[in-house]
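Structure at a glance
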Amino acid sequence: MSAANASRNGCEAEAAEVPVAAPEVEADKPARSRSALARNEELARAEKMRREFSANVSHEMKTPLQVISGYAELMANGLVPPEDVPRFAQLIYEESQAMRALIDDVLILSRLDEMAPGDNETEAVNLEEVASRVVGRLTKLAADAGVTVGLKAEPVINETLLKQMIYNLVENAIRYNRENGRVFVEVYAEDVVGAEDASGRGFVHGVAPGEGDAEEGVKAAAPVRMGVIRVNDTGAGIPADKLEKIFERFYRLEKSRSKELGGTGLGLAIVKHAALYHGGEVSVESEEDVGTRFTVRLPIG
């Protein structure tokens, strides 16, 4: 055998040993395309929400800043009669407190947006004690509004962010109540029939109004021990077509009246995100001219 033939045969043998990559399955391409499209759409939605949120925050801060700046300028230039100085100072203080409340709520929401459920640093707290302290902090606001706040609680153990959730719910119930109205807070534990998805991730279903049956692939699971916070009020109620919107950031049923009553427009958004963050949920039931009931359920067992 000549050297040329030997070299050629060696190359052919070496080439035969090189593995040939399996052809790409055509059926996989549409699935990957749909997955990439879904990710892009989710990123686009998140970016849109971020821009809208930033614009809303800027708009909400503009009014108190203009009031503070205007009154401060008048006082600095000596254009305010001495007898009116205390009134102007009070207005500046109230607007600065409104800005502070808005900033606090924005920071809480930003923190919730950045944290993944289950990754939080938690501590065991007594839900009954938390609810009692929060209701106590709102006693003056309730008295000024002519609203009576009652509390019925059983000792229940749960996690953090509870104070903010309860405070926001009770504050809303007071602000949007009627004169001589009532607010009643209940805290207790209950067993709720739960379910698990195919991955074994547990969740609770069949609680919030309007939700359907569990999705395909869901298997029955043992009851889940839940801590329940329920806030009932005797206010004007919420129209049925607005129930889903009230948890949106900066959404207000009556913008002019909401501004007059105070609040940042972020309270219920914080309640919703805090509940989801703790693996729970919030639901609302309302009847116009009768009142509203908010219910938060959080896993404790």
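This text goes with the structure placed above it.
Since the structure is predicted, the reported quantities are computational estimates derived from the model, not experimental observations.

At a minimum axis separation of 9 Å, helix α4 (residues 127-137) and helix α6 (residues 162-175) run at an interaxial angle of 45°. As the angle between them shows, α4 and α6 are arranged oblique. The interaxial crossing formed by α4 with α6 has right-handed handedness. Judged by residue contacts, Leu127, Val130, Ala131, Arg133, Val134 and Arg137 of α4 engage Leu162, Lys163, Ile166 and Tyr167 from α6. Residue composition of the contact of α4 with α6, grouped by class: seven nonpolar, no polar and three charged.

Along the polypeptide, Met165 turns up in helix α6. When the C-alpha positions of Met165 and His273 are compared, they lie 9.6 Å apart, and in sequence the two are 108 residues distant. Look past the residues within four positions of Met165 in its chain and what remains in contact with it is Val271, Ala274, Ala275, Val296 and Leu298.

Take the pattern of salt bridges next. As enumerated under the stated definition, the model contains five salt bridges in all. Residue Lys140 is joined to Asp144 by a salt bridge in which the shortest nitrogen-to-oxygen separation is 2.9 Å. Within this pair, Lys140 and its partner Asp144 are both found in helix α5 (residues 139-145), separated by four residues, close to a single helical turn. Considered together, Lys140 and Asp144 belong to a single accessibility category, that of exposed residues.

Let us now look at the pairing of strand β9 (residues 281-287). Direction of pairing for β9 relative to strand β10 (residues 291-299): antiparallel, over a ladder of seven bridges. The residue bridging Val282 from the neighbouring strand is Val296, located in β10. Between β9 and β10, which pair antiparallel and follow one another directly, the connecting turn spans three residues, one of which, Asp289, has a positive phi of 65°.

We note that Asn180 has phi near 65°; this positive angle belongs to a residue other than glycine. Relative to the helices and strands, Asn180 is located in the loop between α6 and β4 (182-192). Of note, Asp289 is a non-glycine position whose phi angle comes to about 65°, a positive value. Along the polypeptide, Asp289 turns up in the loop between β9 and β10.

The subject of this paragraph is the nonpolar core. Formed by 49 residues in total, the largest nonpolar core has its most connected members in Ile166, Val170, Val183, Phe294 and Val296. Apart from residues lying up to four places away in sequence, Phe294 is in contact with Leu169, Ile229, Arg230, Val231, Ile238, Ile246, Phe247, Leu268, Ser283 and Val284.

A few words on the sheet that holds strand β8 (residues 224-233). Reading across from one edge, β2-β4-β8-β10-β9 is the order of the five strands in this open sheet, with mixed pairing throughout. Of all the strands in the sheet, the pair left with one neighbour each is β2 (148-153) and β9. Averaged over neighbouring strand pairs, the angle between their axes works out to 15° when direction is ignored. For β2 and β4, the ladder comprises six bridges, and the chain directions are parallel. When the bridges of β4 are listed, Lys152 appears paired with Glu186. The sheet strands contacting α6 are β2, β4, β8 and β10, and the helix crosses β8 at an angle near 25°.

Conventions we followed
Residues numbered from 1 in each chain as written. Predicted model: local features only at pLDDT ≥ 70, side-chain atom pairs only at ≥ 80, totals over all residues. Heavy atoms only, no water. Axes fitted to C-alpha atoms, helices over the stretch in contact; angles between N-to-C directions. Helix = DSSP H or I, 4+ residues; strand = E, 2+ residues; numbered from the N terminus. Parallel < 35°, antiparallel > 145°, perpendicular 65-115°, else oblique. Left-handed = near helix turned anticlockwise from the far one by under 90°. Contact = heavy atoms within 4.5 Å. Nonpolar A, V, L, I, M, F, W, Y, C, P; charged D, E, K, R; others polar. Salt bridge = Lys/Arg side-chain N within 4 Å of Asp/Glu carboxyl O. Buried < 20%, exposed > 50% of the residue type's maximum accessible area, 1.4 Å probe, protein only. Pairing = 2+ DSSP bridges. Core = buried A, V, L, I, M, F, W, Y, C linked by side-chain atoms within 4.5 Å.

Function-wise, these values are silent; they only describe arrangement.
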